[in-house]
Amino acid sequence: MNDTSVGITKAVVPVAGLGTRFLPATKATPKEMLPVVDKPAIQYVVEEAASAGMSDILMVTGRNKRPLEDHFDRNYELEATLHAKGDGDRLARVCASSELGDIHYVRQGDPRGLGHAVLCAAPHVGNEPFAVLLGDDLIDPRDPLLSRMAEVRARFGGSVVALMEVDPGQIHLYGCAAIEATGDGDVVRITDLVEKPDPGTAPSNYAVIGRYVLDPEIFDVLRRTEPGRGGEIQLTDALQALAVATPQPDGTTGGPVHGVVFKGRRYDTGDRADFLRATVRLAWEREDLGPEFREWLREFVAQDALTSVVQDALTPVAQDALTPVA
Ligand code: G1P
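Attention in this report is confined to the structure presented alongside it. (Residues numbered from 1 in each chain as written. Predicted model: local features only at pLDDT ≥ 70, side-chain atom pairs only at ≥ 80, totals over all residues. Heavy atoms only, no water.)

1. Points about helix α10 (residues 272–285)
- Helix length check: α10 (14 residues) gives 20 Å between terminal C-alpha atoms against 20 Å at 1.5 Å per residue, within 8%.
- Along α10, the residues classified as buried are Phe-275, Ala-278, Leu-282 and Ala-283. Seen along its axis, α10 keeps its buried residues to an arc of 120°; they face one direction. Pointing more than 90 degrees away from the buried face of α10 are the exposed residues Leu-276 and Arg-277. (Helix = DSSP H or I, 4+ residues; strand = E, 2+ residues; numbered from the N terminus. Expected span 1.5 Å × (residues − 1). Buried < 20%, exposed > 50% of the residue type's maximum accessible area, 1.4 Å probe, protein only. Arc of directions from axis to C-beta.)

Written out as structure tokens, the structure reads:
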């Protein structure tokens, strides 16, 4: 584990969502447990926090999320069976998820939005900066983002969000940031934030992706934040309040809010098509499965292309055959 988090040891992972986009798979299984290749999506996220030195992880859960707790706990029976068989590889894989850090759980109760989920972490986090990781975004471990965000927080104070440029036609799906350059390559100052702007009203095409390093001041702001988009308490709205806050008599502002513009590999597992893309991309790159899978996929695509060419070529012939000869 690299301790690159510049003193940030706590990470909060909201996992209370219902996962309705994946029904019926998520009827009895939390969406975070759906496997991307052979690991539940949530394990990639917890591994990312752990490798940034955040060894204290709080999951904000809801109903039907027990399998998450089991996944990050020991399974003595399975371990003993694999041990008795001498299956060291699988034993290591089974143990890995229970050795990622200290994992804690708190229930959200009412699902009142992401801002409310983060507020549920307040008693655990206390008065220290912390990270928030959303499970729908997988960040490739080769492109570290969280540790860079923690560095930016150490330098500028306040809170830091991860931003990514997206197609303007997609920005209404995200929190959107208006930004100013700081003179430091990938770091920008945030001047405005809007949760899921209506089409045509977005201040930029910089989307907030699911990584945050937050000042504990956010909790007070969240307590005062009214329901916003979708009738939910939005984290974006609380960050907006911090971004535009004026200094208080005691010298605190809670701000500033900076963005780290991420240009690395991000896999979105939030909807079905993106989930499939993430699965294919990760399987493609795997050392163990990759060679066989790549060979199969190339053949599959080539075969499909060939079938289309043959169909296109045959269509006029078939049409001619149907045209009565004069
Ligand atoms: C949440 C946030 C949004 C952010 C997005 C990133 O939205 O509210 O600001 O851009 O995550 O994935 P959700 O996708 O949960 O609706």
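On we go from here.
2. Focus on the pairing of strand β9 (residues 175–181)
- Sheet analysis places β9 next to strand β10 (residues 187–195), joined by 7 bridges and oriented antiparallel. Residue Gly-175 lies in a different strand from β10, and its bridge partner there is Glu-195.
- Hairpin connection from β9 to β10: 5 residues lie between these consecutive antiparallel strands, with Gly-183 at a positive phi of about 90°.
- With 2 bridges connecting them, β9 and strand β11 (residues 206–214) associate as antiparallel partners. Pairing of Cys-176 across the sheet is with Ala-207, part of β11. (Pairing = 2+ DSSP bridges.)

3. Things to note about the site of the ligand
- The immediate surroundings of the ligand are formed by Leu-114, Leu-134, Asp-137, Tyr-174, Gly-175, Glu-195, Lys-196, Val-208, Gly-210, Gln-234 and Thr-236.
- Gly-175 places a polar main-chain atom, nitrogen or oxygen, 2.9 Å from an oxygen atom of the ligand.
- At a separation of 2.6 Å, an oxygen atom of the ligand approaches a polar side-chain atom of Lys-196.
- Coverage of the ligand by the protein chains reaches 76% of its 380 Å² of free accessible surface.
- Residues belonging to the shell around the ligand are distributed by class as follows: 4 nonpolar, 4 polar and 3 charged. (Near = heavy atom within 4 Å. Polar contact = N/O pair within 3.5 Å; in protein donor to acceptor, adjacent residues only side chain to side chain. Areas by Shrake-Rupley, 256 points an atom, 1.4 Å probe, with all protein chains shown as cover. Nonpolar A, V, L, I, M, F, W, Y, C, P; charged D, E, K, R; others polar.)

4. Quick word on the side chain of His-71
- Among the secondary structure elements, His-71 is positioned in helix α2 (residues 66–71).
- A distance of 2.8 Å separates the side chain of His-71 from the side chain of Gln-43, its partner in a polar contact.
- When residues no more than four places from it in sequence are discounted, the contact partners of His-71 are Met-33, Pro-40, Gln-43 and Ser-97. (Contact = heavy atoms within 4.5 Å.)

5. As for the environment of Gly-259
- For Gly-259, the position within the fold is in strand β12 (residues 257–261).
- For Gly-259, a relative accessible area of 0% gives the class buried.
- Taking C-alpha positions, Gly-259 is 43 Å from Asp-304, a pair spaced 45 residues apart along the chain.
- Not counting the four nearest positions on each side in its chain, Gly-259 is found in contact with Val-161, Leu-163, Asp-186, Val-187, Val-188 and Ile-190.

6. A closer look at the layout of surface pockets
- In this model, the second largest pocket occupies a volume close to 570 Å³.
- Around the second largest pocket, the lining is made up of 25 residues, and of these Glu-47, Ile-139, Asp-140, Pro-141 and Arg-142 lie nearest the centre.
- Every element with two or more residues in the lining of the second largest pocket is listed here: α1 (41–51), β7 (137–139), α7 (146–156) and α10.
- If one sorts the elements of the lining of the second largest pocket by residue count, α1 sits on top with 5 residues.
- Residues belonging to the lining of the second largest pocket are distributed by class as follows: 12 nonpolar, 4 polar and 9 charged. (1 Å grid on protein atoms, 1.4 Å probe; cavity = no way out; pocket = protein on both sides within 12 Å on 5 of 7 lines; lining within 4 Å. Points joined across faces, edges and corners; volume = space filled by probe spheres on them.)

7. Quick notes on the nonpolar core
- Residues Ile-42, Val-46, Met-54, Leu-133, Leu-145 and Met-149 are the most contacted members of the largest nonpolar core, which totals 44 residues.
- The element best represented in this core is α1, accounting for 7 residues.
- Those residues in contact with Ile-42, other than ones at most four positions away along the chain, are Val-13, Val-15, Glu-32, Met-33, Met-59, Leu-68 and Phe-72.
- Grouped together as the second largest cluster of nonpolar side chains are 35 residues, Leu-134, Tyr-212, Leu-222 and Leu-242 included. (Core = buried A, V, L, I, M, F, W, Y, C linked by side-chain atoms within 4.5 Å.)

8. Considering the pairing of strand β8 (residues 159–165)
- In terms of residue burial, β8 counts as a mostly covered element, since 6 of its 7 residues are buried.
- When β8 meets β11, the two strands line up antiparallel, connected through 6 bridges. Paired with Val-160 across the strands is Val-213, a residue of β11.

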